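In case you want the letters, here they are:
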Amino acid sequence: LGVKKRGGYSVVNTVSFGSQTVKDMYGFIPSTLTVSFSTNSTEYLVVFAGTTMAYALNGGSTFTIVITTLNSSTHVDCATEFGQLWCVNGDRRFAWAGGTRTISVPSSFPAGTMIEGHANRLWVAGVPGNESIVYGSKFLGGLTWDLAGDPGDPVQIPIGSRDGTDIACMKSYS
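Residues numbered from 1 in each chain as written. Predicted model: local features only at pLDDT ≥ 70, side-chain atom pairs only at ≥ 80, totals over all residues. Heavy atoms only, no water.

Summed over all chains, the structure comprises nine aromatic pairs. With 6.2 Å between their ring centres and 85° between their planes, Tyr26 and Phe48 make a pair best called edge-to-face. Of this pair, Tyr26 sits in strand E1 (residues 22–28) while Phe48 sits in strand E2 (residues 44–49), and the two are 22 residues apart along the sequence. Neither Tyr26 nor Phe48 differs from the other in exposure class; each is buried. Aromatic pair Trp86 and Phe109: ring centres 6.0 Å apart, planes at 15°, arrangement stacked. Note that Trp86 is positioned in strand E6 (residues 84–88) and Phe109 in the loop between strand E8 (102–103) and strand E9 (114–118), a separation of 23 residues in sequence. Of the two residues examined, Trp86 and Phe109, each falls in the buried class. (Phe/Tyr/Trp six-rings, centres within 6.5 Å; stacked < 30°, edge-to-face > 60°. Helix = DSSP H or I, 4+ residues; strand = E, 2+ residues; numbered from the N terminus. Buried < 20%, exposed > 50% of the residue type's maximum accessible area, 1.4 Å probe, protein only.)

As a further point, take the state of the cysteines. In total, this model carries one disulfide according to the counting rule given. Disulfide pairing is shown between Cys78 and Cys87; the S-S distance is 2.2 Å. Negative torsions about the S-S bond denote left-handed disulfides, and the value of about 105° found for Cys78 with Cys87 makes this one right-handed. Under the relative-accessibility criterion, Cys78 is labelled buried at 7%. On the accessibility criterion, Cys87 (0% relative accessible area) is buried. (Disulfide = S-S within 2.5 Å.)

This brings us to the sheet that holds strand E10 (residues 121–125). An order of E9-E10-E11-E12 is seen for the four strands of this open sheet, with the pairing classed as antiparallel. The open sheet has two edge strands, E9 and strand E12 (155–158), and neither has a second partner. On average, each strand axis in the sheet is tilted by 20° relative to the strand beside it, whichever way the strands run. Here two bridges tie E10 to strand E11 (residues 133–136), and the two strands are oriented antiparallel to one another. Residue pairing across strands places Trp123 opposite Gly136, the latter belonging to E11. (Pairing = 2+ DSSP bridges. Axes fitted to C-alpha atoms, helices over the stretch in contact; angles between N-to-C directions.)

Examined against the element boundaries, Gly59 turns out to sit in the loop between strand E3 (52–56) and strand E4 (64–67). When the C-alpha positions of Gly59 and Leu45 are compared, they lie 6.7 Å apart, and in sequence the two are 14 residues distant.

Right, let's get into the sheet that holds E2. Pairing is antiparallel across the open sheet formed by four strands, whose spatial order is E1-E2-E3-E4. In the strand order of this sheet, the two ends are held by E1 and E4, each with one partner. Within this sheet the neighbouring strands show an average axis-to-axis angle of 25°, counted without direction. Pairing between E1 and E2: six bridges, direction antiparallel. In the sheet register, Val22 faces E2, and the bridge partner there is Ala49.

Below is the structure:
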């Protein structure tokens with residue numbers, strides 16, 4: 001039936017983020033394939049706990065804090081595309097390529113609750129007020145979201161003829 005038993009778990013670290021519980025965790029290798037075809041083998045373990053985003057380079061024994069101002073009541077969803085980690089949580093969106101600073105994204109970048117990378121675009125859904133629309137970035141670019149009508153430009157795809165039914169999840173399958 002396509003269902004497999006989960007393989008268990010591994011303890012990464014017992015590091016404390018105060019009273020904040022780690023809600024989301026991602027493995028990330030920046031710049032694995034970019035337009036310049038540069039490679040980087042640095043692997044980051046990225047965690048989201050409460051209002052905090054932090055990363056570790058050493059398998060999780062020491063974390064460096066990147067952000068301390070996230071909304072602790074919302075889930076952070078991230079996708080890797082174009083050598084960066086792109087994240088949304090309903091009211092904030094940002095990109096990160098390693099280190100201690102995030103990359104600013106334009107105001108046209110949709111503030112959704114779900115994000116996926118697929119076919120050289122970023123895809124965002126769960127935008128408040130437009131829960132039945134999937135937004136696609138410009139082809140080969142995550143920073144362009146303004147519609148222009150040219151091939152490769154950003155797209156907006158209504159699902160269910162805008163019947164008011166929210167998109168519940170998104171997953172890329174190659």
